[in-house]
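Next come the chains, spelled out residue by residue.
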Amino acid sequence: MTIIDKINEINEVVKDIFDFTQTNETVKEDFDEYLSTIGAKNISLNQMEKVFLPYIFERNIGKNHKPVLEMFIEEGKYKNKEVAESLLRTQASIFEIKRILKNGFELLNLINEKTYTVLSLTKMTSFRGVYAGQYIAARIFEFRGEYYVIEISSVLSHSQKEDAMRYAVMKLVQNPKLLYLDNPQKEEEIKSTISEMYEKFIKTFGKDIILTTNKHADDIIGAFNDGEEIDLSDKLSNIEQYKFFHVKELDNNYSNFLENSLGGFSSHSETYDVAVIFDKEKGLYAIPFYETFTKIFENKDSVENYKGCIEYFLSNDSIPDTILSRVKDAYPNFMDIINETLETSYTFEDLMKEYKSEYLNNRIYSSATVLYCSGAFSQVFDIISAPKPEPAAAPTAKVGRNDPCPCGSGKKYKNCCGG
């Protein structure tokens, strides 16, 4: 099969998917609602592609949150199943354009740090104004040994490198496995880092869990990272009344995530317990309200808003299945309390399938460990943590445009502060 044949088959399946969104009753109703929600109800067919592609790749429908593409494959109305299943493995990332090719691009994925040669599904004339050195938010996928770009949603200039890196970190915060997706060498690096850090954690603290509060969690993690000795005697958990409540700083809001991360837990206004846990397989976690959660299985009535705490631990995507397994193993009444509170009759396996299926179906390492191994995060962190330069003092006397600039740069005034 030639590349042209592959491209034609891919485009045929994409057309099949669009037809599916218009003929499947459940999907059509949801798609129409989606268009209304984003204010695109009356857009033209030419504009539809920019809306349609994010919808099919990102939208989950119904109680079971089933992806639209999975529903399409289950219905079976496609011309090529292999293409349809390839689309399930699409990567959405931010890429640096290394080279413009005759029929595609050479792209560096800023998230998983791997370089790809990708082919375009449309004529390259569609990308006038796109040049090497720019950054693109795009989706690529592999089909029969070739990579294809199916969507470019935005383009950043070469001077917007920091914005591109921040976008990469945002995607990693939302989905840590993107760092090692399709890059086994990166995953081996993560595994090696976890192994080394686990031994260091046990050597430092003598155990794999420290129960503390948000006021001291940063000091403990910082000392561990820096290899410093730390006296834990005055930093252990001392919560008098266990209660669960909403902490706004824990909301996954990227607009302030990086800056807030510099302040850490200690910047939060209220006090609550935090467990610093090192999972031997998945890495370092800082779990808010962990001790509060465990107290539920000792005496649930002693924990204020215990139902909210249970729901938080089950529904929070950043809390892995292994954390729940740890508590379940420590408390034989774990499932009894869960089922009584939720009015359900789950087994532990059923509970994990319902709430932690992503962890069961994929190997997901802790966000802290993934960010530790990310080149994009290192660059952004260095930028935002670096001391800001003092602004140049305004000249007190009139300076000629061709005179040396008073700031001491060595440039003419007109080419420096006078510009």
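Just so it is clear, the model here is predicted, and its values are computed rather than measured. (Residues numbered from 1 in each chain as written. Predicted model: local features only at pLDDT ≥ 70, side-chain atom pairs only at ≥ 80, totals over all residues. Heavy atoms only, no water.)

**Observations regarding the sheet that holds strand β10 (residues 283-288)**
Judged by pairing direction, the sheet is antiparallel, and its 3 strands sit side by side in the order β8-β9-β10 without closing on themselves. Here the strands that pair on one side only, and so sit at the sheet edges, are β8 (209-213) and β10. Each adjacent strand pair in this sheet contributes to an overall mean axis angle of 20°, direction not counted. Two strands pair when backbone bridges link them, and strand β9 (residues 273-279) and β10 are joined in this way by 6 bridges, in the antiparallel orientation. The residue bridging Ala275 from the neighbouring strand is Ile287, located in β10. (Pairing = 2+ DSSP bridges. Helix = DSSP H or I, 4+ residues; strand = E, 2+ residues; numbered from the N terminus. Axes fitted to C-alpha atoms, helices over the stretch in contact; angles between N-to-C directions.)

**Some thoughts on the environment of Lys79**
Here Lys79 lies in the loop between α4 (68-75) and α5 (81-87). Each C-alpha atom of the pair Lys79 and Asp16 lies 7.7 Å from the other, and the pair is 63 residues apart in sequence. If we ignore the near neighbours within four places in the chain, the residues touching Lys79 are Glu12 and Asp16. Within the structure, Lys79 has its side chain in polar contact with the side chain of Asp16 (distance 2.8 Å). (Contact = heavy atoms within 4.5 Å. Polar contact = N/O pair within 3.5 Å; in protein donor to acceptor, adjacent residues only side chain to side chain.)

**Overview of helix α1 (residues 3-23)**
Over its 21 residues, α1 extends 30 Å from the first C-alpha to the last, a length consistent with the 30 Å expected when each residue adds 1.5 Å. Every buried residue of α1 is listed here: Lys6, Ile7, Ile10, Val13, Val14, Asp16, Ile17, Phe20 and Thr21. (Expected span 1.5 Å × (residues − 1). Buried < 20%, exposed > 50% of the residue type's maximum accessible area, 1.4 Å probe, protein only.)

**Regarding the pairing of strand β5 (residues 115-120)**
In this structure, strand β4 (residues 104-109) lies alongside β5, joined through 5 bridges in antiparallel fashion. Bridging across to β5, Gly104 finds its partner in Leu119. Two strands pair when backbone bridges link them, and β5 and strand β7 (residues 146-156) are joined in this way by 3 bridges, in the parallel orientation. For Ser120, the partnering residue across the bridge sits in β7 and is Val149.

**Looking at the pattern of salt bridges**
Within this structure, the stated rule accounts for 25 salt bridges. Among the salt bridges present, the one from Lys186 reaches Glu113, with a minimum N-O distance of 2.9 Å. Placement of Lys186 in helix α7 (residues 184-205) and of Glu113 in the loop between β4 and β5 is noted, with a sequence separation of 73 residues between them. A relative accessible area of 6% places Lys186 in the buried class. One continuous salt-bridge network, built from bridges that share partners, spans Glu12, Asp16 and Lys79. (Salt bridge = Lys/Arg side-chain N within 4 Å of Asp/Glu carboxyl O.)

**Considerations on the sheet that holds strand β3 (residues 91-100)**
Spatially, the 5 strands close up into a barrel ordered β3-β4-β5-β7-β6, and their pairing is mixed. For this sheet, the mean angle separating the axes of adjacent strands, direction not counted, is 55°. The pairing of β3 with β4 spans 5 bridges and is classified as antiparallel. Bridging from a neighbouring strand, Ile100 pairs with Phe105 of β4. Along the sheet, α1 contacts β5, β6 (135-143) and β7; its crossing angle with β7, the most-contacted strand, is approximately 60°.

**Observations regarding helix α11 (residues 306-315)**
For α11, the set of buried residues is Gly308, Cys309, Ile310, Tyr312, Phe313 and Leu314. Where α11 is buried, its residues contact β10, α10 (290-299), α12 (321-330), α13 (334-342) and α14 (348-355).

**Things to note about the environment of Leu351**
Following the sequence through the fold, Leu351 ends up in helix α14. Once residues lying within four places of it in the same chain are set aside, the contact partners of Leu351 are Leu314, Phe334, Met335, Ile338, Tyr346 and Lys356.

**Re the packing of aromatic side chains**
Counted under the stated rule, the structure contains 30 aromatic pairs. Pairing Phe244 with Phe289 gives two aromatic rings, centres 4.8 Å apart and planes at 65°, and the pair type is edge-to-face. One end of the pair, Phe244, is in the loop between α8 (217-226) and α9 (254-263); the other, Phe289, is in the loop between β10 and α10, and 45 residues separate them in sequence. Per residue, the accessibility class of Phe244 equals that of Phe289, and both read buried. (Phe/Tyr/Trp six-rings, centres within 6.5 Å; stacked < 30°, edge-to-face > 60°.)

**A look at the side chain of Ser366**
Along the chain, the position of Ser366 falls in the loop between α15 (357-361) and α16 (367-372). On the accessibility criterion, Ser366 (1% relative accessible area) is buried. Within the local environment of Ser366, its side chain forms a polar contact with the side chain of Thr369, the two groups lying 2.6 Å apart. For Ser366, the contacting residues outside a window of four places in its chain are Lys282, Gly283, Leu284 and Tyr285.

**Topic: the nonpolar core**
Membership of the largest hydrophobic core comes to 39 residues, with the highest contact counts inside it found for Ile94, Phe201 and Phe278. In terms of nonpolar packing, the next biggest core, distinct from the first, is built from 38 residues, Phe265, Ile277, Cys309 and Ile337 among them. (Core = buried A, V, L, I, M, F, W, Y, C linked by side-chain atoms within 4.5 Å.)

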